[in-house]
Amino acid sequence: MSNATLPREHVARARTAVFVVFTASGVAFASWASRIADVKATLGLSAGQLGMVLLAMSAGSLVALPSTGRIAAKFGVVPTIRVGMLLSLLGFATVGLGVDLAQSSAVVAAGLFLVGTGIGVWDVTMNLEGAVVERMLGQTVMPQFHAAFSGGTVASALVGSGMSWAGIPLLPHLLLSALTVTALGFWALRSFLPRELEFSDAKEPVNERAATGGLPTTDRSPARSAWLEPRTLRIGLVVLVAAFTEGTANDWLAVAFVEGHELPAWAGVLGFATFLSFMTLGRLLGTRWLDTYGRVPVLRATFALAVVGSVLVIFGTPWMAFIGAAIWGVGVSLGFPVGMSASADDPQRAGARMSVVATIGYLAFIAGPPALGFLGDHVGVLRSLLAVGTMALLVQVILESVREPARTDPTTAQAEPARGAS
């Protein structure tokens, strides 16, 4: 089945289904993230000990990511996402048991490893489906998919805030959330694109900018490993910084509001929800920004906002910290989805490149929690967030790697300059 013979309404249904799967993933993740401060208090963990527990979730993701593209190519997107959802469900049940019954950080870490593995598989594969839908629609929609993820996290974080305020144990909260999103996800997966369109929706390779750093080539020799492609690695570094600036807020923002600004736990979760709300808004507005100005100028501006927002959180009064969380949210909103789209510019290499980029990006979740925990033990959790602004400034030097490929005008068969190119 080719693009031309697939009814557009089928693509529209697939787009809606991808929105649902992204939303479900956000709900699942924030069910855990919204209760991190409660877990820290219940288990009596220091910042460094919490960082080591959080490391288990990142380790699970890192184990799953390198091979996810190949697994999805062999078995299909839908079965692969289903496995990821079921692993996440098992992991959340284990985390709840570890906190409420065993009160063991080791059991919690084991559960988070399963959660990280499941969400890692789920994450890469839904992004692959989203990239195909985006190409078939011929317009930027990936940030909107990630906005759906963020919207799910906002709703879930607000529920988590209420659960924390009411003193609801983690096990019923996490288990109910995981069962709900798994059922919703299985229902939505029925409307995904046909399997034959998942990885080969183009007959001929697109402009080989993705492998040559921006220059077209006619070389048809066998493709080398995506791990050896300079542009792919640079995109991975952009995604790593985006994941670090976003993941730091996910893991530590509520704790920073509680310990750094001396607010109650429920107010810390509201600070986290503020961040998520404005990250969602940035992703909804970002599609227009990207189509108008191009990837590179937009990312330069948004990463700069992340610096400003994090500084307000660290050095401002509590009410300024809430404003900073909002600015920080807009600042980190587009880095990850733009990196995913850039890694899939060539449909025939999308699976391999996206796995590489996602693996590099998730290294931020490996290094981030223990590094921030170590800094938090020595300078306080709030001051440790200075690492966010530093990373967001440094990434500016490699943002050219995500620039759009040149588009071809079908009436002239000549390549048009990418947006933002001179």
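Residues numbered from 1 in each chain as written. Predicted model: local features only at pLDDT ≥ 70, side-chain atom pairs only at ≥ 80, totals over all residues. Heavy atoms only, no water.

This paragraph deals with unusual backbone geometry. One non-glycine residue, glutamine 103, lies in the positive phi region at around 45°. With respect to the element layout, glutamine 103 can be found in the loop between α4 (77-100) and α5 (105-137). Judged by its relative accessible area of 51%, glutamine 103 falls in the exposed class. (Helix = DSSP H or I, 4+ residues; strand = E, 2+ residues; numbered from the N terminus. Buried < 20%, exposed > 50% of the residue type's maximum accessible area, 1.4 Å probe, protein only.)

Attention now moves to the environment of serine 156. In this structure, serine 156 sits in helix α6 (residues 142-166). Among the residues examined, serine 156 registers a relative accessible area of 5% and is labelled buried. C-alpha separation for the pair serine 156 and alanine 33, spaced 123 residues apart in sequence, amounts to 9.3 Å. Leave out the neighbours within four places in its chain, and serine 156 touches Gly26, Val27, Ala30, Ser31 and Ser34. (Contact = heavy atoms within 4.5 Å.)

A few words now on the nonpolar core. Ranked by internal contacts, the top residues of the largest apolar core, which has 121 residues, are Trp32, Trp122 and Trp328. Those residues in contact with tryptophan 122 that sit more than four places away from it in its chain are Val21, Ala24, Ser25, Ala28, Ile81, Gly84, Met85, Ser88 and Val181. (Core = buried A, V, L, I, M, F, W, Y, C linked by side-chain atoms within 4.5 Å.)

Let us look at the packing of aromatic side chains. By the definition in use, this model includes four aromatic pairs. With a centroid separation of 4.9 Å and 65° between ring planes, the pair formed by phenylalanine 19 and phenylalanine 145 is classed as edge-to-face. In this pair, phenylalanine 19 is assigned in helix α1 (residues 8-33) and phenylalanine 145 in helix α6, connecting sequence segments 126 residues apart. Here phenylalanine 19 falls in the partly exposed class, since its relative accessible area comes to 24%. Measuring from ring centre to ring centre gives 4.9 Å for phenylalanine 257 and phenylalanine 322, while their planes differ by 70°; the resulting arrangement is edge-to-face. Remark: phenylalanine 322 occurs in helix α12 (residues 318-331) and phenylalanine 257 occurs in helix α9 (residues 230-260); sequence separation between them is 65 residues. (Phe/Tyr/Trp six-rings, centres within 6.5 Å; stacked < 30°, edge-to-face > 60°.)

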